[in-house]
Amino acid sequence: QVQLVESGGEMVQAGDSLRLSCVVSGGTFSRYTISWFRQAPGKEREYVGTIRGSDGYYADSVKGRFTISRDNAKNTVYLQVNNLKPEDTAVYSCAAGTPITSSYSDYNAYWYWGQGTQVTVSS
């Protein structure tokens, strides 16, 4: 049984930075492509970015501010979020699977999901 557990979300002020973590257990971590999504209240789920191997891919809305990395020894993927804005307020979730490149932003292309961690940014 593969499980994903996110952590690191908190309430911060605009301009602050956070590092979110996604710990994967119960599977072969190095095999998976891991992506981050976020969902703000009243809005649809939004793709944030993907890491496959050591290569990162990002949504245009976060490119330059967000960075995804992975530590295979710790079965953990990180999402570094810098210069946070109030519009970044959302529940951030990670997902694992083996989607093709063109499906990285497709929520339904992943096999496993975490419960999410809340990020709240005040102005």
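It should be noted that the structure appears before, not after, this text.
Just so you know, these numbers come straight off a predicted model, no measurement behind them.

Student: Can you help me understand the nonpolar core in this one?
Tutor: Nonpolar side chains in soluble globular proteins tend to end up buried together. Ile 34, Trp 36, Val 77, Leu 79 and Tyr 92 are the most contacted members of the largest nonpolar core, which has 34 residues in total. Residue assignment for this core shows that the elements contributing at least two residues are strand S3 (18-25), strand S4 (33-39), strand S5 (46-52), strand S7 (66-71), strand S8 (76-81), strand S9 (90-97) and strand S11 (117-122). Per element, the largest residue contribution to this core is five residues, and it comes from S9. With near-sequence residues (within four places) excluded, Ile 34 lies in contact with Val 24, Gly 49, Thr 50, Ile 51, Arg 70, Val 77, Cys 94, Ala 95 and Ala 96.

Student: Mind showing me how you'd approach the packing of aromatic side chains here?
Tutor: How two aromatic rings sit relative to each other is set out by the distance from centre to centre and by the angle between their planes. A full pass over the atoms with the stated rule returns nine aromatic pairs. Residues Phe 37 and Trp 113 carry aromatic rings whose centres are separated by 5.1 Å and whose planes lie at 50° to one another, so their mutual orientation is tilted. Pair noted here: Phe 37 is in strand S4 and Trp 113 is in strand S10 (residues 112-113), with a separation of 76 residues, a long-range link. For Trp 113, a relative accessible area of 24% translates into the label partly exposed. Consider the rings of Trp 111 and Tyr 112, whose centres lie 6.2 Å apart with planes at 90°: the pair is edge-to-face. One residue, Arg 19, lies across the ring of Tyr 78, its end atom 4.0 Å from the ring centre. Sitting over the ring of Tyr 107, Arg 45 keeps its end group 3.6 Å from the ring centre.

Reading guide: rules and limits
- Residues numbered from 1 in each chain as written.
- Predicted model: local features only at pLDDT ≥ 70, side-chain atom pairs only at ≥ 80, totals over all residues.
- Heavy atoms only, no water.
- Core = buried A, V, L, I, M, F, W, Y, C linked by side-chain atoms within 4.5 Å.
- Buried < 20%, exposed > 50% of the residue type's maximum accessible area, 1.4 Å probe, protein only.
- Helix = DSSP H or I, 4+ residues; strand = E, 2+ residues; numbered from the N terminus.
- Contact = heavy atoms within 4.5 Å.
- Phe/Tyr/Trp six-rings, centres within 6.5 Å; stacked < 30°, edge-to-face > 60°.
- Lys NZ or Arg CZ within 6 Å of the ring centre and 35° of its normal.

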